[in-house]
Amino acid sequence: MKEEYNFQKIEKKWQKIWEEKEVFLSCEDPQKPKYYCLEMYPYPSGAIHMGQVRNYTIGDVISRYKMMKGFNVIHPIGWDALGLPAENAAITQGVHPQEWTLRNIAHMRSQLKRIGFSYDWSREVNTCLPEYYKWNQWIFLKMLERNLAYRKKSKVNWCPQCQTVLANEQVIGERCWRCESLVKLKEMEQWFLKITDYAEELISGHDLLEKWPEHVLRMQKNWIGKSTGAYITFPVPDTPLSIDVFTTRIDTIYGATFLALSPEHPLSKELIADSRQRRKLQKWIDKNIENLRFRKEPGEVEKEGIDTGKKAINPFSGEAIPVWISNYVLMEYGTGAIMAVPAHDQRDFEFAKKYSLPIKVVIVPEGESPPGEPEESFEDYGVVVNSGPFSEKPSLEAIEEMGQHAQEKRFGRKSIIYRIRDWGISRQRYWGTPIPVIHCQNCGIVGVPYENLPVVLPLDVELKGEEGSPLEKVESFVKTTCPKCKGDARRETDTMDTFFDSSWYFFRYISPSEEKLPFNPQAADYWLPVDLYIGGVEHAILHLIYARFFCKYFRDFGLTLIDEPFPRLLAQGMVIKDGAKMSKSKGNVVDPDDIVEKYGADSLRLFILFASPPEKEFIWNDEGIDGSYRFLNRLWATMQENLDLFKQKCSPREETGIEEKASKLRIKMHQTIRKVSDDIDKRYHLNTAISSIMEFYNLIKKEKEMLSQSVRGKNLLRESLESLVLLLSPFAPHLCEELWERMGHKTFLIHSPWPSFDPDLATEEKVTIVVQVSGKLRDKFEAERDLAEDQIKEMALGLNRIKSIVGEKKVKKIIYIKNKLVNIVL
């Protein structure tokens with residue numbers, strides 16, 4: 001009687017065995033190459049969602065593959081367990097954040113184990129436990145000693161709903177990144193980390209990140225915002241005032257026809273102090289300060305401004321030009337004041353047209369004469385004109401000479417500036433790491449002695465959602481003794497931004513029981529950097545910049561030798577259902593537990609990787625999961641029919657005949673091994689790897705009856721089925737482990753060698769692909785016949801000639817005619 005595929009029984013069996021035998025335990029082994037595979041750890045919200053299942057399945061496939069390839073793999077998991085949701089749950093549900101968090105972790109841990117991920121659970125970290133956040137406090141104190149942590153009064157982003165401060169990076173379109181409430185401006189004493197000290201390294205380090213997605217690097221570059229240029233001082237006649245501007249285009253300074261200051265500029269009030277319209281002007285300034293606070297880009301609103309009535313002297317030309325205050329100038333850029341050159345900056349051009357200000361051309365394209373009244377700004381480099389002794393020089397030459405001239409005459413200096421600001425880490429909430437400092441009236445700010453760490457969060461706290469930190473109301477926590485003078489003192493009641501926790505958790509994984517340091521430097525030397533980091537693109541700015549900053553700080557402190565923690569980043573796409581990202585608020589969530597119960601973990605794993613490449617959006621549909629389930633059932637049935645093959649003594653593989661070696665199935669086997677290996681290891685195109693495995697299985701079924709007629713054929717069939725199980729095992733490990741055992745093997749699959757291929761047999765047929773851009777033939781290239789559509793498109797876009805044509809233009813769509821043509825429509 002044929003045995004049915006009982007996924008519940010098989011999956012529970014192997015999960016129990018893996019756990020009991022500690023199959024995925026990892027430790028340093030200098031004799032083996034290491035591989036550190038890491039997915040971004042989850043917040044314990046209560047249940048694992050499909051986006052996380054996809055993320056963790058990608059990492060699990062790659063980890064299992066690397067184990068089979070002989071690597072010493074570390075594949076850890078933990079919990080980003082501090083933060084606002086737990087505190088909000090305490091307010092709305094009447095449960096303590098610690099109880100809520102630990103209960104959620106227990107449930108989510110069981111979910112992860114039920115899906116069969118190859119985690120080394122001995123390395124599990126939980127950031128809400130004192131044994132973890134003790135080291136947050138240790139790191140903070142070391143930064144305080146090195147002046148990388150400091151406290152100052154600052155205007156901060158305040159979320160009235162969350163009742164806490166937000167970093168600039170956590171304000172998206174004027175709203176809180178968590179609750180989407182409108183954010184307000186508030187002045188408070190805050191703790192900051194001096195991330196600006198590492199701004200240049202955070203930019204230059206991108207050169208080491210060749211295997212990061214280009215759009216992630218671009219997002220970071222824009223946020224860090226490096227600009228090379230010069231500061232120029234414009235004196236204001238008949239006053240002690242002068243206005244400093246920063247410009248990257250000093251070659252255009254003779255075309256400056258007015259200065260424009262941000263409403264937030266410190267001189268804005270002074271410049272209008274003696275104006276007859278002072279009150280009216282001040283009212284305009286106050287209104288625009290509020291409006292400007294959350295605008296990150298200068299071109300987002302209708303440009304408006306007021307004339308201060310003052311003039312400033314252009315130090316190059318000696319010309320007196322009017323000083324305006326305008327809403328299109330942001331305080332975050334440069335000095336908060338600009339020299340406006342309407343002929344060569346489109347924003348200045350639009351403003352000048354609106355207020356009838358002069359437009360003076362000082363740059364022209366090479367070989368051209370200055371036009372009359374320009375119809376738009378010319379922003380490119382060219383040849384300098386109407387610029388005194390610097391006329392007729394190419395822009396780049398003029399920039400260098402004019403910068404040097406300003407320095408020599410002492411009205412300017414060459415400089416590099418950055419847009420990024422220091423990281424404000426103070427939060428006025430309870431469920432976070434207590435900042436380990438004490439305020440003493442006699443001694444000022446005093447760090448908590450290291451031997452007194454951790455400063456533990458008190459459990460007897462009342463959470464009502466009122467303004468201010470809940471810790472302020474816990475007298476037993478606040479009242480303390482100064483470690484220096486032994487007098488009465490009070491503890492800091494702000495807690496740390498939870499991004500502090502996630503900025504170094506991947507270091508803690510390598511030695512989670514280390515008691516003398518945040519992590520063991522020798523273990524760090526062996527395991528780091530992380531070889532592959534997998535997570536969502538939404539973390540491109542916040543988490544990934546902060547983690548890179550911490551890594552560089554640890555290096556400077558002598559704890560690690562590496563410059564960059566994540567040399568390879570895989571940014572996964574979102575899971576989509578009914579045309580929108582899966583979320584509770586949209587009512588389109590599919591519960592992984594329900595899918596595992598109905599179809600099994602292997603079916604879920606297979607489907608969530610099969611429908612699209614990891615970096616693309618994944619569109620959920622119920623028919624797809626059913627298809628994956630049916631495939632595994634067919635495979636199970638096929639293997640049951642052929643298990644006798646593995647009980648027989650077959651002739652050695654070396655004795656097979658030449659005609660059998662060249663058979664269609666043998667060639668397909670070697671081609672599939674090569675394709676699946678490359679798709680996992682080089683391209684991460686796990687969807688096409690699964691497709692190749694399915695094609696290989698279909699050919700096995702087709703050839704099975706014929707091969708069963710001879711010893712040679714049985715040898716090949718046996719070898720093909722073994723290869724099939726080995727190739728599929730990272731994707732569907734429970735089923736494959738069961739089949740591997742039934743074949744008579746005594747080793748776990750992850751301890752079995754990954755199948756090898758014969759290059760002569762694995763050669764794929766090549767085809768020539770023609771590449772068009774908007775219907776015009778531009779290039780062509782050769783590719784393997786069976787490459788997936790997205791791989792062909794990627795290759796076409798990567799051709800140098802195509803890149804130069806497309807440039808920064810928006811690609812509307814890419815049309816692909818299989819094995820013939822790619823047409824890129826702009």
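These numbers come from a predicted model, not from an experiment.

When the terminal C-alpha atoms of helix α5 (residues 130-145) are compared, their 22 Å separation across 16 residues agrees well with the 22 Å that a helix rising 1.5 Å per residue should span. Here α5 has its buried residues at Tyr132, Tyr133, Trp135, Asn136, Gln137, Trp138, Ile139, Phe140, Leu141, Lys142 and Met143. Directly after α5, the chain includes Asn147, whose backbone phi takes a positive value near 60 degrees.

Here the chain averages 92 in pLDDT, while 97% of its residues score no lower than 70. Counting contacts from residues 651-658, a segment whose pLDDT is below 50, to residues more than four positions away or on other chains yields 9 contacts.

Quick look at the side chain of Asp494 now. Inspection of the secondary structure assignment puts Asp494 in the loop between β24 (488-491) and β25 (495-496). Among buried Asp, Glu, Lys and Arg side chains, Asp494 stands out as unpaired, with Arg151 the closest opposite charge at 5.9 Å. Of the polar contacts made by the side chain of Asp494, one reaches the side chain of Ser426; its length is 3.3 Å. Side chain to side chain, Asp494 and Gln428 meet in a polar contact 3.2 Å long. When near neighbours in sequence (up to four residues on either side) are disregarded, Asp494 contacts Glu189, Gln190, Ser426, Arg427, Gln428, Thr433, Pro434 and Ile435.

Nonpolar side chains in soluble globular proteins tend to end up buried together. Counting 184 residues, the largest nonpolar core has Phe140, Trp423 and Phe731 as its most contacted members. Beyond its immediate sequence surroundings of up to four residues, Trp423 is in contact with Ala167, Trp191, Phe192, Leu193, Ile195, Asp497, Phe499, Phe500, Ser503, Tyr546, Phe549 and Phe550. Counting 37 residues, the second largest nonpolar core, distinct from the first, contains Val236, Ile250, Val323 and Val362.

Turning our attention to the pattern of salt bridges. All chains considered together, the criterion is met by 48 salt bridges. Notably, a salt bridge pairs Lys353 with Glu373, separated by 3.6 Å at the nearest N-O pair. Linking Lys353 in helix α10 (residues 346-355) with Glu373 in the loop between β16 (363-364) and β17 (383-384), this pair joins segments that are 20 residues apart in sequence. Note on Lys353: relative accessible area 44%, which makes it partly exposed.

A few words now on the sheet that holds strand β9 (residues 184-193). Strand order in the open sheet formed by 4 strands is β6-β5-β9-β19, with antiparallel pairing between adjacent strands. Strands with a single pairing partner mark the edges of an open sheet, and in this sheet they are β6 (164-166) and β19 (423-424). Judged from the 2 bridges that link them, β9 and β19 form a sheet pairing that is antiparallel. Its bridge partner lying in β19, Phe192 is registered against Gly424. Running at roughly 85 degrees to β9, α5 makes contact with β5 (149-159) and β9 of the sheet.

Glancing now at the side chain of His75. Of note, His75 is situated in the loop between β2 (72-74) and β3 (78-79). The exposure class assigned to His75 is buried, which follows from its relative accessible area of 2%. In this structure the side chain of His75 is engaged in a polar contact, spanning 3.4 Å, whose partner is the side chain of Ser63. Side-chain polar atoms of His75 contact the side chain of Ser118, separated by 3.1 Å. Residues contacting His75, with those up to four places away along its chain left out, are Cys37, Glu39, Gly59, Asp60, Ser63, Ser118, Tyr119 and Asp120.

Before going further, it helps to spend a moment on the pairing of strand β21 (residues 437-440). Along β21, one buried face is formed by Val437 and His439 and the opposite face, lined by Ile438 and Cys440, is buried too. In this sheet, strand β22 (residues 444-447) lies alongside β21 in antiparallel orientation, the contact comprising 4 bridges. Among the inter-strand pairings, Val437 is bridged to a residue of β22, identified as Gly447. Hairpin connection of β21 to β22: 3 residues between the antiparallel strands.

Taken residue by residue, helix α3 (residues 84-93) has Leu84, Ala86, Glu87, Ala89 and Ala90 as its buried positions. Turning to α3, the residues buried within the fold contact α4 (97-115). Remark: Gly94 follows α3 within two positions and exhibits a positive phi of approximately 70 degrees.

Take the packing of helix α18 (residues 601-610) against helix α22 (residues 686-707) next. Two elements in contact, α18 and α22, have axes whose closest approach is 7 Å; the angle formed by their N-to-C orientations is 115 degrees. Note on element contacts: α22 touches α18 through Leu686, Asn687, Ile690, Ser691 and Met694, opposite Leu606, Leu609 and Phe610. When the residues that make up the contact of α18 with α22 are grouped by side-chain class, the tally is 6 nonpolar, 2 polar and no charged.

Our next topic: the state of the cysteines. Here the structure, examined in full by the defined rule, presents 0 disulfides. Cysteine Cys27 is unpaired, with the sulfur of Cys37 as its nearest cysteine sulfur at 18 Å. Here Cys162 stays free of any disulfide, with the sulfur of Cys179 as its closest cysteine sulfur at 3.6 Å. Note on Cys162: relative accessible area 3%, which makes it buried.

What follows concerns the sheet that holds strand β14 (residues 320-326). The 4 strands lie next to each other as β13-β14-β12-β15, forming an open sheet whose pairing is mixed. Edge positions in the sheet fall to β13 (305-313) and β15 (337-340), since each of these pairs with one other strand and no more. When the angles between neighbouring strand axes are averaged without regard to direction, this sheet yields 25 degrees. With 6 bridges connecting them, β13 and β14 associate as antiparallel partners. Across the sheet, residue Ala312 finds its bridge partner in β14, namely Ile321.

This part is about the environment of Asp422. Mapped onto the secondary structure, Asp422 falls in the loop between β18 (412-417) and β19. Here Asp422 falls in the buried class, since its relative accessible area comes to 18%. Sequence separation of Asp422 and Lys194 is 228 residues, and the distance between their C-alpha atoms is 5.0 Å. Those residues in contact with Asp422, other than ones at most four positions away along the chain, are Tyr150, Phe192, Leu193, Lys194, Ile195 and Thr196. Polar side-chain contacts of Asp422 include one of 2.5 Å to the side chain of Thr196.

Attention now goes to the environment of Ile435. Mapped onto the elements of the fold, Ile435 is located in the loop between β20 (426-427) and β21. Residues Ile435 and Met67, spaced 368 residues apart in sequence, show a C-alpha to C-alpha distance of 41 Å. Once residues lying within four places of it in the same chain are set aside, the contact partners of Ile435 are Phe140, Trp191, Ser426, Glu492, Asp494, Thr495 and Met496.

On to the packing of aromatic side chains. Using the criterion set out here, one finds 53 aromatic pairs in the structure. Here Tyr553 and Phe554 contribute two aromatic rings whose centre-to-centre distance is 6.0 Å and whose plane-to-plane angle is 45 degrees, an arrangement assigned as tilted. By relative accessible area, Tyr553 is classed as buried at 1%. Measuring from centroid to centroid gives 6.0 Å for Tyr553 and Phe557, while their planes differ by 25 degrees, and the two rings are stacked. Of this pair, Tyr553 and Phe557 are both found in helix α16 (residues 542-557), 4 residues apart, which corresponds to roughly one turn of the helix. For Phe557, a relative accessible area of 23% puts it in the partly exposed group. When the ring centre of Phe71 is taken as origin, the NZ or CZ atom of Lys66, which lies over that ring, is 4.5 Å away. Geometry around Trp121 places Lys113 over its ring, the cationic atom sitting 5.3 Å from the centre.

The rules behind each value
Residues numbered from 1 in each chain as written. Predicted model: local features only at pLDDT ≥ 70, side-chain atom pairs only at ≥ 80, totals over all residues. Heavy atoms only, no water. Helix = DSSP H or I, 4+ residues; strand = E, 2+ residues; numbered from the N terminus. Expected span 1.5 Å × (residues − 1). Buried < 20%, exposed > 50% of the residue type's maximum accessible area, 1.4 Å probe, protein only. pLDDT = per-residue confidence, 0-100. Contact = heavy atoms within 4.5 Å. Lys, Arg positive; Asp, Glu negative; His and termini not counted. Salt bridge = Lys/Arg side-chain N within 4 Å of Asp/Glu carboxyl O. Polar contact = N/O pair within 3.5 Å; in protein donor to acceptor, adjacent residues only side chain to side chain. Core = buried A, V, L, I, M, F, W, Y, C linked by side-chain atoms within 4.5 Å. Pairing = 2+ DSSP bridges. Axes fitted to C-alpha atoms, helices over the stretch in contact; angles between N-to-C directions. Nonpolar A, V, L, I, M, F, W, Y, C, P; charged D, E, K, R; others polar. Disulfide = S-S within 2.5 Å. Phe/Tyr/Trp six-rings, centres within 6.5 Å; stacked < 30°, edge-to-face > 60°. Lys NZ or Arg CZ within 6 Å of the ring centre and 35° of its normal.

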